[in-house]
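For reference, the chains in residue letters:
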Amino acid sequence: MDGAVLVTGGAGYIGSHVVRHLGEAGYSVVVLDNLSKGFREAVLYGELVVGDTGDRQLVGQLLRDYSIKSVLHFAALTVVPESVAKPLYYYGNNTCSTRSLLACCQEAGVAHFVFSSTAAVYGIPPEGLASEDSPTAPINPYGTSKLMSEWMLRDLAAASPLRHITLRYFNVAGCDPQTRIGQSTPNATLLIKVACEAAVGKRESISIFGTDYATTDGTGVRDYIHVEDLADAHLKALRYLEEGGNSTTLNCGYGHGYTVREVLSAVERIHGKPLSIREEARRPGDPPTLVAHAQRIREVLGWQPRYDDLDFIVRTSLDWEKKLRARLGRGWQSNEA
Ligand code: UD1
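Residues numbered from 1 in each chain as written. Predicted model: local features only at pLDDT ≥ 70, side-chain atom pairs only at ≥ 80, totals over all residues. Heavy atoms only, no water.

**Regarding the overall build of the chain**
Step number 1: Scanning the chain from terminus to terminus reveals 10 helices and 15 strands.
Step number 2: Relative to a compact globule of 337 residues, whose C-alpha radius of gyration would be 20 Å, the chain shows 19 Å and is just as compact.
Step number 3: The principal-axis extent of the C-alpha atoms belonging to the chain is close to 55 × 45 × 40 Å.
Step number 4: Considering the chain as a whole, with its 337 residues, one finds that 56% of them fall into the buried category.
Step number 5: In the chain, once contacts between residues fewer than 6 apart in sequence are set aside, the share between residues at least 24 apart is 78%.
Step number 6: In the structure as shown, the chain presents an accessible area of about 13800 Å², 49% of it carried by carbon and sulfur atoms.
Step number 7: Of the side chains in the chain, 34 bear a positive and 38 a negative charge, and the two mean positions are spaced by 3 Å. (Helix = DSSP H or I, 4+ residues; strand = E, 2+ residues; numbered from the N terminus. Rg over C-alpha atoms; globule rule 2.2 N^0.38 Å. Buried < 20%, exposed > 50% of the residue type's maximum accessible area, 1.4 Å probe, protein only. Contact = heavy atoms within 4.5 Å. Areas by Shrake-Rupley, 256 points an atom, 1.4 Å probe, with all protein chains shown as cover. Lys, Arg positive; Asp, Glu negative; His and termini not counted. Charge placed at Lys NZ, Arg CZ, Asp CG, Glu CD.)

Given below as C-alpha cells:
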C-alpha cells in the first residue's frame, strides 16, 4: 500500500464511486470515513479506516504509514437546509476539519490534493450561469463552509509545493450502472433521490418547491451531472496533478439544465407510473437557475462526459432505489434515521 491515495469520505455517495474508479484504474486506496453518512459496504476497493478527517493524530499517522502523496477530500456534510439550521456544525465539520487535514498534508509533504467543492459557492449568479471566474457569493452556510475551505487550499498551495484541483460540483445524481453502489443518504433532500423514493413507494408524494420562478415552466433549473462522469473527472484531475499540472478550479456540470417538472416527467416516464406531486412554496435558499459554464474542465483535463442524458441519470437512480427498497432493514439502511 506504499504510495496509496487517501480518500476522505470514501464510503459516501460520491466518494465511493470515485474509490471504485480508482480501484479499477489500479490505484492503491486508503479510505478514511467516520461512517456517519457513509456505508462500509460502499467501499469496493482498498482499505477502510473508520475515523474523522479532523483527527489530526490519526490522519498524520495514515499519511506517514502509507507514504501518501495524493489526497482526495470528500468528507463533508452536504444538506443545505440543515446547514442553515446548524451553521457551526457545518463550519466545524467542513471548514475546521479541512484546515486540520491540510495541516497534516503540509507536515507530511502531500503533493496533490483534489477537493470536492460545490456550485453553492456561486450563490445566485447572473442569468443562473456560473463560470469559474464568476464572483463567489454563497447564500447558505454549506456553500460558505466549502468556499472557506477553497480559500485555505488556494493559500496553502501558493505558500507550499502542494498542488490542487478544486472541483465545483453542480447537481450530482445517478448511480453505478451495475447497481453495486449508490446514493444511500438517509433523509435525502435531493430532487432525483426524493422523486425515486416516491416512485418506489418510500414516500407518499413529492413536492415541487416553487412554481413561480422566471423559468420555462416556473420551476427551478439545475445542471444534473451523472456521478460516473463526475468520478471520471476526479481520476483525470488526479492524473493531471501527477503529471505536473498547475493548481486550478473547475466546474463539474454539463452546461445545460432541466426544470423540476422535466425531471419529474422523466421519473414518471421511466418508472411507468405517475407520481403524486404537490406544488408548494419556494424553498428558502434556492436560486431559480444554476447551470455550469462547463468548458474549462474539458480544456484542462480533456474530460468528456459519457452520460449526459437525463433518462440514464434517472434510470440508474431508480434502479438503485429499487435495490435499496428490497434491502430495507438490512446493511445499507443501517444509517437510516
Ligand atoms: C444544493 C446545493 C448543492 C448541494 C446539494 C446537496 C445550492 C445552490 N446547491 O443543490 O451544492 O450539493 O444541495 O444538498 O445550494 N426540489 C423540489 N422538490 C424536492 C427537492 C428539490 O422541487 O423535494 C427542487 C429544488 O427547489 C431545486 C431543485 O429541485 O430547484 C434541485 O434541488 P436539490 O436536488 O435539493 O439540489 P440543490 O438545492 O440544487
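**Here we look at the pattern of salt bridges**
Step number 1: Under the definition given, this model contains 21 salt bridges.
Step number 2: Put simply, Arg-20 and Glu-24 hold a salt bridge, and the shortest N to O gap is 3.1 Å. Taken together, the residues span about one helical turn, with Arg-20 and Glu-24 both in helix α1 (residues 13–24) at a distance of four residues.
Step number 3: Using a relative accessible area of 3% as the deciding quantity, one classes Arg-20 as buried. (Salt bridge = Lys/Arg side-chain N within 4 Å of Asp/Glu carboxyl O.)

**Observations concerning the packing of aromatic side chains**
Step number 1: Tallied over the full model, the rule gives four aromatic pairs.
Step number 2: Arranged with centres 6.5 Å apart and planes meeting at 10 degrees, the rings of Tyr-254 and Trp-303 form a pair that is stacked. In this pair, Tyr-254 is assigned in the loop between β12 (248–252) and β13 (258–259) and Trp-303 in the loop between α9 (296–301) and α10 (310–326), connecting sequence segments 49 residues apart.
Step number 3: Judged by its relative accessible area of 6%, Tyr-254 falls in the buried class.
Step number 4: Pairing Tyr-307 with Phe-312 gives two aromatic rings, centres 4.7 Å apart and planes at 10 degrees, and the pair type is stacked.
Step number 5: The buried category is assigned to Tyr-307, whose relative accessible area is 14%. (Phe/Tyr/Trp six-rings, centres within 6.5 Å; stacked < 30°, edge-to-face > 60°.)

**Quick look at unusual backbone geometry**
Step number 1: Phi is positive for Leu-35, which is not a glycine, with a value near 60 degrees.
Step number 2: By the element assignment, Leu-35 lies in the loop between β2 (29–33) and β3 (47–50).
Step number 3: Classification of Leu-35 as buried rests on a relative accessible area of 19%.
Step number 4: Of note, the phi angle at Glu-127 is positive, near 65 degrees, even though the residue is not glycine.
Step number 5: Tracing the sequence through the fold places Glu-127 in the loop between β5 (112–118) and β6 (129–130).
Step number 6: Note on Glu-127: relative accessible area 78%, which makes it exposed.

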